[in-house]
Amino acid sequence: MLVQRQETELVIQQYQASLTAFYQLVNFDNFTNVDTFITQPEIEELIRLYRLAANEIYYLITDNKLDKAAAKLTVLLTIERSLMHSSGEMILHVLPIIHTESLYQPLLVKLQHAGFTEWAVFDTALSPLSNTERLMNNVWRYEFADQINAIQNALQAQNNNNFSYKPNMTVNIMAKFYQTKMLSEDIAPMALLAAVEKSEEQIKAFNKKAKLASQPWRHVLYNYRNIVGSLLAYTATPRFIPILTNKLEMDLQLQLLHAMVHANSAADLNTDRYRNPYTGEHPYLTDDKLCHKLAQEICVPWPHGTQPTLISAEH
């Protein structure tokens, strides 16, 4: 990045007006889709803005403009979390997972190495995720509405008397699929792993039934009252790679980053404060890293030295 700085800064300058407008999004807190068909984000441009903003922050740190860099990094984190909080776009829930590790963690580490000390500016941006941020209920609501609209539009011009198609039955099949993905907004963090596992089991059961669509005689036999509607429901229902566990791991990474920038030594680390909210376990030090474990090990650099046993507040 330093070798290509001159070239990169020309691009940043070219996009400066867009970057300035992008940073202004921090003043808004509602990014709910009005209509998912007409409010699709320009994802490539959005990703470009994130990367250019990260480059700009990197160069500010390099130039020792640490306060300015920290302020812009806080804004970037806050914008991404606001988008994730209320949007029904799947990609806006995926990007924070990617960016936390590929953009925010390296920049926070570089800030720390540069001697930045005013870490309170990050307290909100690095705070634990709320259930609304953890869950993806808005995504499933919009996906459900889009799928139903697509099926209704596909059949609108058809004479339903020539088809074994029951609209309500079709909607119910679709609803059962999306209900497996929607978890209660009041669910306790300690119950989330079990709820995710149950949801995944229910989705596997649904997908097993959907395989009947590839066996015409069985499909007709089992769905004789709604042959076309059930076929459309089972084949139109999207197959998503599950990312909810990845969002929980992102939450742990934010928590560990908060610990990394606020503690000055291993002895100074309040391990009770940074317990894993999903398992109740304390963070642990290994190979100059501070870690948690969920589906996989999540770690951040730990530059503060080690001691044999981390001391919790109760001791």
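Note on numbering: residues in each chain are counted from 1, in written sequence order. Local features in this predicted model are restricted to residues whose pLDDT is 70 or higher, and side-chain atom pairs enter the listing and the counts only when it is 80 or higher, whereas totals over whole chains, interfaces and linings include all residues. Computation of side-chain values covers all heavy atoms of the structure but excludes hydrogens and water.

Visitor: What am I meant to see in the state of the cysteines here?
Guide: The bond known as a disulfide is covalent and runs between the sulfur atoms of two cysteines. Here, a disulfide means two cysteine sulfur atoms that sit within 2.5 Å of each other. Under the defined criterion, the tally for this structure stands at one disulfide. With its sulfur 2.0 Å from that of its partner, C291 forms a disulfide with C299. The sign of the 110° torsion about the S-S bond sets the C291-C299 disulfide as right-handed. Given the relative accessible area of 0%, C291 is considered buried. Buried residues are those whose accessible area, probed at 1.4 Å on protein chains only, stays under 20% of the maximum for their type, while exposed residues exceed 50% and partly exposed ones sit between those limits. The exposure class assigned to C299 is partly exposed, which follows from its relative accessible area of 22%.

Visitor: Can you help me understand the pattern of salt bridges in this one?
Guide: Between side chains of opposite charge, a pair can form when the charged atoms approach closely. Definition used for salt bridges: Asp or Glu carboxyl oxygen within 4 Å of a side-chain nitrogen of Lys or Arg. In total, this model carries seven salt bridges according to the counting rule given. Put simply, R134 and D251 hold a salt bridge, and the shortest N to O gap is 3.4 Å. Residue R134 is found in helix 6 (residues 131-134), and its partner D251 is found in helix 12 (residues 244-262); the two are separated by 117 residues along the sequence. Per residue, the accessibility class of R134 equals that of D251, and both read buried. We count a stretch as a helix when DSSP gives it H or I for four or more residues in a row; a strand needs E for two or more, and each element gets its number in order from the N terminus.

Visitor: What is the right way to read the packing of aromatic side chains from this model?
Guide: Ring pairs (aromatic) are described by centroid distance and by the angle formed between their planes. Two aromatic rings, drawn from Phe, Tyr or Trp (for Trp, its six-membered ring), form a pair once their centres lie within 6.5 Å of each other, and the interplanar angle then sorts them: stacked below 30 degrees, edge-to-face above 60, tilted otherwise. The final tally for this structure, using the stated rule, is eleven aromatic pairs. With 6.5 Å between their ring centres and 35° between their planes, F22 and Y23 make a pair best called tilted. We note that F22, like Y23, is buried. Judged by centre distance (5.0 Å) and plane angle (50°), the ring pair of F177 and F206 falls under tilted. Placement of F177 in helix 8 (residues 167-181) and of F206 in helix 9 (residues 189-210) is noted, with a sequence separation of 29 residues between them. Take F177 and F206: they sit in the same class, and that class is buried. Grouped by ring-pair contacts, the aromatic residues F144, F177, Y178, F206 and Y234 constitute a single cluster. Taking the ring centre of W140 as reference, the NZ or CZ of K181 above it sits at 4.5 Å. Lysine and arginine charges are scored as sitting over a ring when NZ or CZ, respectively, is within 6 Å of the ring centre and within 35 degrees of the ring normal.

Visitor: Can you walk me through helix 4 (residues 66-86) in this structure?
Guide: For the α-helix, the turn length of 3.6 residues means that residues three or four positions removed from each other point alike. Multiplying 1.5 Å by the residue count of a helix minus one yields the expected span of that helix. In a regular helix each residue adds 1.5 Å, so 21 residues correspond to 30 Å; helix 4 covers 31 Å between its end C-alpha atoms and thus fits that length. Most of helix 4 sits inside the fold, with 16 of its 21 residues counted as buried.

On their own, these measurements won't tell you what the molecule is for.
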